[in-house]
Amino acid sequence: MANDLSLDLEELRHLQSIAKRPRVVSLISSEIRNLEKLSNEAASVAPAPTPAPAPIPTPTAVSTNLKAVSDPALKYTTLGSFSWDQDTDKVKIYVFLEGVDQEKVQTEFNPMSVDVKFHDVQGKNYRCAIPKLNKEIVPEKCKVLVKPTKVIITLVKASKGNWLDLHFKEDKLKPSLDKERDPMAGIMDLMKNMYEEGDDEMKKTIAKAWTDARSGKAADPMKSYR
């Protein structure tokens, strides 16, 4: 395996030397660092013990003292339309709903999700839920403020910065760095991403690599660069 990793690293460094687009160079550099780490671990006589997984934060739920909250028979109308804005520290969600009673709002803030329920609003129950946020929040600092014509849900970011979206969206261009995964599978994904993002010269080079691999001219797509 160590020999295969060495060959893979050699080919990736060759690709790095001919890549032009900054994002492609960044993707290749990231994969090189990953393979270097795997190579060092494979060469170690006594591998370092696997560190204990970090404890999963206990979700923090803040609920109002309502008897009806625990009733599983309650039905809710999902609020799919709302607006939001942000600064570097917070995200604010604006739900335009009249007749909400602050005492009849149930909130559940978790590090990566939000669930806010509005009970007995003109005879109906409503719900605004985001099952997976773009990034982590600090549950105990989040809050809900009821106004006459709207409700403002304030989420405090766990780390400062700008969110590209309110909902989580996986970056399809980000290569998998799963340690348990076959390194060659990661390289295949990387080559696909490079082809999609690369210029004409890069696409021709990668296309030739695939063609040579399928015709048996190379043991794997990367070796056709030699």
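Since the structure is predicted, the reported quantities are computational estimates derived from the model, not experimental observations.

Engineer: For the overall build of the protein, give the residues involved together with the corresponding values.
Structural biologist: Assigned secondary structure in the protein consists of 4 helices and 8 strands. Starting at the N terminus and ending at the C terminus, the protein contains elements arranged as α-α-β-β-β-β-β-β-β-β-α-α. Looking at the protein as a whole, 37% of its 226 residues are labelled buried.

Engineer: Could you give an account of the sheet that holds strand β3 (residues 90-95), naming the residues involved and the relevant values?
Structural biologist: Judged by pairing direction, the sheet is antiparallel, and its 4 strands sit side by side in the order β2-β3-β8-β7 without closing on themselves. Looking along the sheet, the strands with just one partner apiece sit at the ends: β2 (83-86) and β7 (143-146). Averaged over all neighbouring strand pairs, the angle between strand axes comes to 20°, with direction disregarded. Pairing between β7 and strand β8 (residues 151-156): 4 bridges, direction antiparallel. Within β8, the residue paired with Val144 across the bridge is Ile153.

Engineer: Provide a residue-level description of unusual backbone geometry, including the pertinent values.
Structural biologist: One non-glycine residue, Asp120, lies in positive phi territory at about 55°. Of note in the backbone geometry, Gln122 takes a positive phi value of approximately 55° without being a glycine. With respect to the element layout, Gln122 can be found in the loop between β5 (113-121) and β6 (124-130). Accessibility expressed as a relative area gives 67% for Gln122, which makes it exposed.

Engineer: How would you sum up the nonpolar core? Please name residues and give values.
Structural biologist: Membership of the largest hydrophobic core comes to 25 residues, with the highest contact counts inside it found for Val95, Phe118, Ile153 and Leu155. Residue assignment for this core shows that the elements contributing at least two residues are β3, β4 (105-110), β5, β6, β7 and β8. The biggest single contributor to this core is β5, with 4 residues. Ignoring anything within four residues of it in the chain, the contact list for Leu155 reads Asp89, Lys90, Val91, Ile93, Phe109, Val114, Leu133, Ile137 and Cys142. Core analysis: the next-biggest nonpolar cluster, separate from the first, contains 16 residues, Ile28, Leu38, Met202 and Ile206 among them.

Engineer: Can you tell me about the sheet that holds strand β1 (residues 77-78), naming the residues and giving the values?
Structural biologist: With mixed pairing, the 4 strands of this open sheet are ordered in space as β1-β6-β5-β4. Bordering the open sheet on either side are β1 and β4, each of which pairs with just one other strand. Both β4 and β5 contribute to a ladder of 6 bridges, which runs antiparallel. Bridge pairing in β5 places Val105 opposite Phe118.

Engineer: An account of the side chain of Asp165 is requested, with residue identities and associated values reported.
Structural biologist: Considering the arrangement of structural elements, one finds Asp165 in the loop between β8 and α3 (183-197). Here Lys169 takes part through its side chain, which lies 3.0 Å from a polar atom of the side chain of Asp165. Residue contacts for Asp165: discarding those within four places in its chain leaves Trp84 and Asn134.

Rules behind the numbers
- Residues numbered from 1 in each chain as written.
- Predicted model: local features only at pLDDT ≥ 70, side-chain atom pairs only at ≥ 80, totals over all residues.
- Heavy atoms only, no water.
- Helix = DSSP H or I, 4+ residues; strand = E, 2+ residues; numbered from the N terminus.
- Buried < 20%, exposed > 50% of the residue type's maximum accessible area, 1.4 Å probe, protein only.
- Pairing = 2+ DSSP bridges.
- Axes fitted to C-alpha atoms, helices over the stretch in contact; angles between N-to-C directions.
- Core = buried A, V, L, I, M, F, W, Y, C linked by side-chain atoms within 4.5 Å.
- Contact = heavy atoms within 4.5 Å.
- Polar contact = N/O pair within 3.5 Å; in protein donor to acceptor, adjacent residues only side chain to side chain.

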